[in-house]
Structures are given as C-alpha cells and as structure tokens.
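Chains, contacts and geometry: an overview
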Amino acid sequence: MKMKIAIVAAEAFPYAKTGGLADVAGSLPKALEKLGCEVKLFIPKYSSIDENKYGLRYNWTIGEMPIRVNGYVRSVHLHQATLPDSNVEVNFIDCPHYFHRGRIYTNDSDEDERFILFSKSVIETLQRLKWTPDVINCNDWQTGLIPLYLKDNYKWDRMFDNTATLFTIHNIGYQGRFSKSTLLAAEIRGNLFYPNGPVEHDGSVSFMKTGILFSEIINTVSNTYSHEILTPEYGAGLDAVLRSRKEDLFGVLNGVDYNEWNPETDKYIPFHYSLKDMSGKIKNKKFLLEHFNMPFNENIPLIGIVSRIVEQKGFDIFSEALNSIMGLNAQWIILGSGEEHYEDLFRMLHKHLPQKISAYLGFNNELSHLIEAASDIFLMPSRYEPCGLNQIYSLKYGTVPVVKKTGGLADTVKDWDEEMHFGFTHGNGFSFYDHSGFALYKSTERAVNAFSTKEVWNKIMYNGMNSDFSWQRSAEKYIELYKLAVLKHRELFT
C-alpha cells in the first residue's frame, strides 16, 4: 500500500524561497512520488506568488474556512496547483491578513499568529479534503505546533488516529520563540507552559521545542548536524531537549535537483560542459570575468562565493584572514547580501583591488549558476551548516569546494590531502576544523597550490563530478523514517 505523505513548510521552490528549506520542500515531494508515495504539499499563499504563472486554482468546493486565532475568526481560502514536473498537489493556504506582506518572514508583532493560522489551516484543509496522511512531515518552527494540535486540540477527530508526525529541523538557530500571550492566541492549554515544560523555553513559548517534543520522529538535514546539535556549542539552547529525544533523532542529507543544477543542461550558463568535454567550463570563466571587467588568465584560479554575507557563514574569519587571503594568487567573485559591515568590506576591496575581486551585493539566481560553473574553487567557511547545498552544486560543476568541517559540509566534502594521507585518492575538496582565519587561509592556500598541478586538480574535479547526491537516495531514507514514525505512533496510541 502506498504511503500518504503531507509535507508542510513555510516556503517551497519555485513558489517562495529564502533558503534551503524551499529547495527541500520543492524537491522531496517529487522524489517521494517517484518512489510510489501519494504526496500533498502545503505552503502559505504569499502575495508574491504569481497565480497565473503557476496555474493556481481556487477550490470552490471548500470555499471559506473560518480559522480562529487570538480570539478573531479569520477567513481562509484554499488554492491548488500541481508541482512542476510531477503530479504532486500543492495546497496554498490563503489569508491576505497574514500572508500579503511582501515578505515570507517578518518582524511584525503577530508573526506567531501567522503560523498559528497556517498550522490550524493545514489540519482543517486535510479535514475538508477528507485525505488522511500516514505522516505529516513538518519543517522548522513555523510548523512546530502541528504535532501538538493533532495530539490535543484536534484529538477529537478520529480521522487522525493513525497519522504520525516527523519534524525536520533545517536550522536549530531559528526557534519561533514568543511571549506567554501566544498560549492564548494559539489556544494551547496553559498547563503545558511551566519551567522546562513541553512548550516553554527560557520563559517563552517555543514552536521549535513543541515540534521536537510532540513529534514521533525528528530529523535534521545531515548526519553530522544531527550529532552536533546534541552539544551546547551547536544546540542553540535546545541541546538538552534534543538529548531527551536522542533515540528518535536522525540525520538525512538533503538531495540536489540535478534537473536544475547540472552543467550539461543548465539553462542559466552560456557554455555547457561535462566530464567528457570540460572546454565549456573555462569559457564560462572567461565570460564571467569579462562581465565583471576583470582580466582572464586560465592559470590563475577564480574563487567564488554565493552566500548570505553574515557571521554564521564564516565572514568573521574571512575578515580576520583578509590580508593573507588577498595575498594569494587568485581572483574572487562574491554574490550575496547580509550584514552591512561585511557588504562595505567587499565594496572597499573591489574599489582598491578591481582586477582581483568583484562583488554583486543582492540576489541573482542566474548569476549564482554562472559563478558555480565559472569558478575553479568555491569557498564556504560556515561557523555551522546544517546541510548546505552550494558545496554539492560545486562538486557537480567541477568547482572544488573549500569548507569548514561541520554539518553537511563534513558529510559531503572529503579533504584531498587528508584522504591522500590515508592512502585514498577520492578526495573532492579541501576542509579545515578550527573556526579561525588562519585555518581558513591555510586550506584556501592548499587549494590554490593544488590548482597549479593539473593532474592533481583534474582528479579532484573528477571525484566531485562523479559524486551522486540526487534526491532519490535521500527520499528513500525519508520513507524509512516515515515508516518508523508510523510504527512508533501505533505503539504509543494503540
């Protein structure tokens, strides 16, 4: 019998995206469907979503759904579409009062109410669709109330008697913490809120903690990160809570959509290439450098960065090692936006070293593909990285990653010199352990030096391009966790 899976997320590609969560929510449903699951995806209907472009249809059968939040009844409607390249039904929860704000996430005083409404609406949509999932896969704090609602507020509805929940943590640092008044707004029982109680964390209501404690199974988006968040250094204050659920916590590395990220077919790059014919890669490099008015020299490596320009992504240690890094015989192109002082740093570097470094400060999807294809080296020195996708894209594009050995970066990038030390030749990049400017500099230096030895460099590129991080493998592991969640639910509630 095919499993019925509901995937619930605050964002999903191609409809709404701020980060990796959207890529997962847009790709995992298609991979699950190919493996025989019946899948429905649920996201909010933001005002930025183009109804005509994506073929959204108003569900007249359901019509208006009255959803109560903070004592007010809001009118909610359902729009539906089909996820591109699949038969997956996408359900858009439409409530203009909360979701027509120009941004996916806000700092508004009612940010809690936005996702209280979303969580309740998902459950009430399932009721009206008369579709009972075996598992609801909740993603990050925005959906953390759903497991509690199923076990408490909506326990009366027997259609969910056999529905289990899996809670996926994409970044433990964002926890959805709000004042005690959220209890009333969300209609959560007051006796669940007490020091170290199931919905309380440091005096606040924590949606993330609620999701962790009320789900049957929890997973993160890489194996290493699932172990890291059990420690005070990486657990963002929830490490003790996670240790209490250690037996139910797993890591599943995110997959990559190779229909979107593949140098042989990428619609955003001017020159395609493959392992059999790499000539297009150097043409892309020349094209990109000319675009930024930088000199082209095939013997000087181009180092690319596509990132949020914030401390978490390692720009603190980049700044720390700046003089040493800029002394390397390499060129740099950076794409991203973030903290003002780091943006100012790149403006200053370009002004003083225009032949060596350029930066595009903003979002540009086409340019992100071109940087992956044109660069020789890709830098990701993140302080922590639950999974990371750009290093996986880089491997496919023959762009050698230099990363800090943390989270998904540690699970995907194998250090060339470290592997050689143990007699292996399947290294695909360079990595470092200490979060310091010196460690970052030395690993970048190793990569730049290796670039000058073409036989070595070609082998590192070959290893990366031969890696397989497709969604099928990840989806198979998710199905194993779904089955485990169902089994645990039956043990607890029968």
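Everything numeric in this text was worked out from a predicted model, so none of it was measured.

When helices and strands are tallied, the protein shows 20 helices and 19 strands. Relative to the globule expectation of 23 Å for 494 residues, the C-alpha radius of gyration of the protein, 23 Å, shows essentially globular dimensions. With the principal axes as the frame, the protein shows a C-alpha extent of 70 × 45 × 45 Å. Sequence-distant contacts, at least 24 apart, represent 72% of the contacts inside the protein between residues at least 6 apart. Summing over all exposed atoms, the protein offers an accessible surface of approximately 20,400 Å²; the carbon and sulfur share of this is 50%. Here the protein contributes 52 positively and 60 negatively charged side chains, and the mean placements of these two sets differ by 3 Å.

Let us look at the layout of surface pockets. Here the second largest pocket is characterised by a volume of approximately 290 Å³. Along the walls of the second largest pocket sit 14 residues, with Ile282, Asp376, Phe451, Lys454 and Met461 positioned nearest its centre. Those elements giving two or more residues to the lining of the second largest pocket turn out to be helix H10 (279-291) and helix H19 (454-465). Broken down by element, the residue count for the lining of the second largest pocket peaks at four residues, all from H19. Considering only residue class, the lining of the second largest pocket consists of six nonpolar, three polar and five charged.

Our focus in this paragraph is the sheet that holds strand E17 (residues 377-380). With parallel pairing, the six strands of this open sheet are ordered in space as E16-E15-E14-E17-E18-E19. Sheet topology places strand E16 (357-361) and strand E19 (430-432) at the edges, where each strand pairs with a single neighbour. Recorded for the sheet is a direction-independent mean angle of 15° between the axes of neighbouring strands. In terms of strand pairing, strand E15 (residues 331-336) meets E16 through five bridges, oriented parallel. Across the sheet, the residue bridging to Trp332 is Ile357, located in E16. Of the strands in this sheet, E15 and E16 touch helix H13 (residues 340-352), which is tilted by about 140° from E16. Against the sheet, helix H18 (residues 437-451) engages strand E14 (302-306), E15, E17, strand E18 (400-404) and E19, with an angle of about 165° to E19.

What counts as what
- Residues numbered from 1 in each chain as written.
- Predicted model: local features only at pLDDT ≥ 70, side-chain atom pairs only at ≥ 80, totals over all residues.
- Heavy atoms only, no water.
- Helix = DSSP H or I, 4+ residues; strand = E, 2+ residues; numbered from the N terminus.
- Rg over C-alpha atoms; globule rule 2.2 N^0.38 Å.
- Contact = heavy atoms within 4.5 Å.
- Areas by Shrake-Rupley, 256 points an atom, 1.4 Å probe, with all protein chains shown as cover.
- Lys, Arg positive; Asp, Glu negative; His and termini not counted.
- Charge placed at Lys NZ, Arg CZ, Asp CG, Glu CD.
- 1 Å grid on protein atoms, 1.4 Å probe; cavity = no way out; pocket = protein on both sides within 12 Å on 5 of 7 lines; lining within 4 Å.
- Points joined across faces, edges and corners; volume = space filled by probe spheres on them.
- Nonpolar A, V, L, I, M, F, W, Y, C, P; charged D, E, K, R; others polar.
- Pairing = 2+ DSSP bridges.
- Axes fitted to C-alpha atoms, helices over the stretch in contact; angles between N-to-C directions.

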